[in-house]
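The lines below spell out each chain.
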Amino acid sequence: MTINEVHLITFSPTHTSRQIGEAIMRGLDIKEVVIEDLTKPCDVRKELPADALAIITVPVYGGHVAPLALQRMKEIRANHSPAVIVVVYGNRAYEHALQELDAFTGSLGFQVIAGGTFIGEHSYSNNAYPIAEGRPDEDDLAYAELFGKKIRTKIENAADREHLYGVDVKRIQRPRQPFFPLLRFLHRVVKFRKSGGSIPRTPQVDAGLCNHCGACVKQCPTGAIAKDNECNTDVDKCIRCCACVKACPQKARTFDTPFAAMLSECFRRPKENRIIL
Ligand SMILES: Cc1cc2nc3c(=O)[nH]c(=O)nc-3n(C[C@H](O)[C@H](O)[C@H](O)COP(=O)(O)O)c2cc1C
Ligand code: SF4
Ligand code: SF4
């Protein structure tokens, strides 16, 4: 069978999930492309036809799919349309996220025909504490593109829609995780919690460095930063995605969470991307 239309549905404050989605699309090489980027405040209500393919790429927050991604997808409906679901995580772990996305997209009417777990630079990564810095790199993107090619072959090999089989994403291989660094991380988290240490609720801003260029306002997915008031952040709206931190050309915004050091030190070994189809 052939698919003539592909929809990339993504939520991606720091752009790594979107990059993976775009690489998969390149591999698929389908001419008719619709991009539904849910990162900015939006109200997307649409129904995908049965013969359209969806590529859905979202980040992992705390071992789950970023809640705002699910919220912004909830009015999308599918007519048993095939979907490829991908979670992108910062080299620690994705825990339940892929299964969660599978159940959620199923409830919208999609049939999941392929799944993937990819690595993206951690939102908290910085020069002092790099965490999966620079990922997805060339190899990651080449792998995502190859994944797209394999999905295309799977579709072409199916005689018709009835024969385009779904996958059980629970069977995807988990990445290797060395035991002692994980133990060290858990130990440090427990120690931090016991010490009553606090985590900042928004990025900090150095007013002396800010030149009010407005880049952070444009990048913020929740409208937590107001134009001409860039040195303040609405704590109730902030989801701590660090899009503003990465976008600030003056390095005026920082998110000094103690987790950055822990993650950087305990999850040094690059994890592998995994796919199932
Ligand atoms: C609030 C928050 C929680 C996160 N939790 C995890 C996590 O549990 N495991 C992990 O490996 N990475 C975690 N990350 C890192 C992101 O999953 C990772 O940086 C991802 O590439 C971001 O996607 P984006 O570039 O599409 O926004 C977290 C990031 C944020 C902001
Ligand atoms: S991106 Fe940085 S310099 Fe520009 S307005 Fe925001 S905080 Fe200020
Ligand atoms: S203000 Fe908060 S929600 Fe907005 S971009 Fe920065 S970290 Fe993300």
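Right above here is the structure, for reference.
Residues numbered from 1 in each chain as written. Chains lettered and ligands numbered in written order. Predicted model: local features only at pLDDT ≥ 70, side-chain atom pairs only at ≥ 80, totals over all residues.

**Overview of the site of ligand 3**
Okay, step 1: In the vicinity of ligand 3 lie 17 residues, with Cys-220, Cys-238, Cys-241, Ala-243 and Cys-244 positioned nearest.
Okay, step 2: Considered class by class, the residues forming the shell around ligand 3 number twelve nonpolar, four polar and one charged. (Near = placed C-beta within 6 Å. Nonpolar A, V, L, I, M, F, W, Y, C, P; charged D, E, K, R; others polar.)

**Overview of the nonpolar core**
Soluble globular proteins: nonpolar side chains tend toward being buried together.
Okay, step 1: One finds Ile-24, Ala-54, Ile-56, Ala-83, Val-84 and Val-87 to be the most contacted residues of the largest nonpolar core, which totals 69 residues.
Okay, step 2: Looking at which domains feed residues into this core, each of domain 1 (5–176 + 270–276) and domain 2 (204–256) gives three or more.
Okay, step 3: Apart from residues no more than four positions distant in its own chain, Ala-83 is found in contact with Ala-54, Ile-56, Ala-78, Thr-105, Phe-110, Gln-111, Val-112 and Ile-113. (Core = buried A, V, L, I, M, F, W, Y, C linked by C-beta atoms within 7 Å. Buried ≥ 20, exposed ≤ 12 C-beta atoms within 10 Å, placed from the backbone. Domains from an automatic or database assignment. Contact = placed C-beta atoms within 7 Å.)

**Some thoughts on unusual backbone geometry**
Okay, step 1: Here Arg-135 and Pro-136 are connected by a cis peptide whose omega angle stands at 5°.
Okay, step 2: As for its placement among the helices and strands, Pro-136 is situated in the loop between β8 (111–119) and α4 (138–157).
Okay, step 3: Despite not being glycine, Asn-91 has its phi angle at roughly 75°, a positive value.
Okay, step 4: Assessed through the 21 C-beta atoms surrounding it within 10 Å, Asn-91 is described here as buried.
Okay, step 5: Phi at Ala-132 takes a positive value of approximately 55°, unusual for a residue other than glycine.
Okay, step 6: Position of Ala-132 among the secondary structure elements: in the loop between β8 and α4.
Okay, step 7: For Ala-132, a count of 24 C-beta atoms within 10 Å corresponds to the buried category. (Helix = DSSP H or I, 4+ residues; strand = E, 2+ residues; numbered from the N terminus.)

**Here we look at the site of ligand 2**
Okay, step 1: As a structural note, the neighbourhood of ligand 2 is formed by 14 residues, with Cys-210, Cys-213, Cys-216, Glu-230 and Cys-248 the closest of them.
Okay, step 2: Taken together, the residues that form the shell around ligand 2 break down as eight nonpolar, four polar and two charged.

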